[in-house]
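# Working through the structure, step by step
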Amino acid sequence: MQPQTTETRVASFADLDTRTLHDLLRLRVDVFVVEQECAYPELDGRDTEPGTRHLWLARAGTPVAYLRILADPDGVERIGRVLVARAARGDGLAGRLMTEALRVVGNRPSVLDAQAHLAGFYARFGYTPTGPEYVEDGIPHVPMRRDPR
């Protein structure tokens with residue numbers, strides 16, 4: 001069986017076509033709201049901010065992994081909504097996604113709120129805990145930060 005080709009995409013909200021926006025939001029809802037059973041306001045208004053970048057991996061034009069990078073007011077980049085579609089897990093896409101996110105972030109500090117069971121994964125990319133574990137939407141999280149090297 002041939003490995004599937006995965007394409008990397010980065011866009012601002014203004015540069016997203018309606019089909020892609022729909023597919024990205026559907027993927028986020030499928031993972032966070034349905035699969036993880038978290039009823040929360042997925043559309044928080046930050047997707048449309050001028051400094052937000054949407055980063056995703058697509059196979060045959062369909063998004064299979066996603067994250068967004070927010071420009072927080074304090075000059076720090078905030079990585080969030082990190083996910084891989086259930087059917088695409090185990091292919092190393094989360095690592096590829098984070099590697100690309102750090103390329104986009106460049107030489108700026110970045111933060112994220114890791115689901116606690118994934119803190120070790122983010123540590124591989126240089127993130128360290130910055131506070132105690134807390135529960136959000138019924139899921140333990142750990143605040144983490146990565147400073148430029």
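Preceding this paragraph is the structure being described.
In this report, the structure presented in the accompanying data block is examined.

Counting 26 residues, the largest nonpolar core has L67, I79, M98, Y122 and Y127 as its most contacted members. Elements that contribute at least two residues to this core include exactly β2 (53–59), β3 (62–71), β4 (77–84), α2 (93–105), β5 (110–115), α3 (119–123) and β8 (139–146). Here this core takes seven residues from α2, the largest share from any one element. With near-sequence residues (within four places) excluded, L67 lies in contact with R53, H54, L55, I79, G80, R81, V82, L97, M98 and A101. A11, L24, F32 and L83 belong to the second-largest nonpolar core, a separate cluster that totals 11 residues.

So, on to the packing of aromatic side chains. Describing an aromatic ring pair means giving the distance of the ring centres and the angle of the ring planes. Enumeration according to the criterion identifies three aromatic pairs in this entry. Considering the side-chain rings of F121 and Y122, the 5.0 Å spacing of their centres and the 75° angle between planes classify their relative orientation as edge-to-face. Judged by its relative accessible area of 6%, Y122 is buried. Where F121 meets F125, the ring centres are 5.2 Å apart and the plane angle is 65°; that geometry is what we call edge-to-face. Taken individually, F121 and F125 each receive the classification buried, so the pair is uniform in this respect. Within the aromatic cluster, the residues linked to one another by ring pairs are F121, Y122, F125 and Y127.

This next bit is on the environment of D137. Here D137 lies in the loop between β7 (134–136) and β8. Exposure remark for D137: the relative accessible area of 40% places this residue in the partly exposed category. Taking the C-alpha atoms as reference points, D137 and Y122, separated by 15 residues in sequence, lie 20 Å from one another.

Further remarks concern the pattern of salt bridges. Taken as a whole and assessed by the stated rule, the structure comprises 16 salt bridges. Between R59 and D91 there is a salt bridge, with its nearest N and O atoms 3.1 Å apart. Residue R59 is found in strand β2, and its partner D91 is found in the loop between β4 and α2; the two are separated by 32 residues along the sequence. For D91, a relative accessible area of 43% puts it in the partly exposed group. Among the salt bridges present, the one from R103 reaches E100, with a minimum N-O distance of 2.6 Å. Here the residue R103 and the residue E100 both occupy positions in helix α2, the gap between them amounting to three residues, near one helical turn. In this structure E100 comes out as buried when scored by relative accessible area, which is 16%. Taken together, the shared-partner salt bridges in this structure form one network comprising R28, D44, D47, R68 and R81.

Thresholds, definitions, all that
Residues numbered from 1 in each chain as written. Predicted model: local features only at pLDDT ≥ 70, side-chain atom pairs only at ≥ 80, totals over all residues. Heavy atoms only, no water. Core = buried A, V, L, I, M, F, W, Y, C linked by side-chain atoms within 4.5 Å. Buried < 20%, exposed > 50% of the residue type's maximum accessible area, 1.4 Å probe, protein only. Helix = DSSP H or I, 4+ residues; strand = E, 2+ residues; numbered from the N terminus. Contact = heavy atoms within 4.5 Å. Phe/Tyr/Trp six-rings, centres within 6.5 Å; stacked < 30°, edge-to-face > 60°. Salt bridge = Lys/Arg side-chain N within 4 Å of Asp/Glu carboxyl O.

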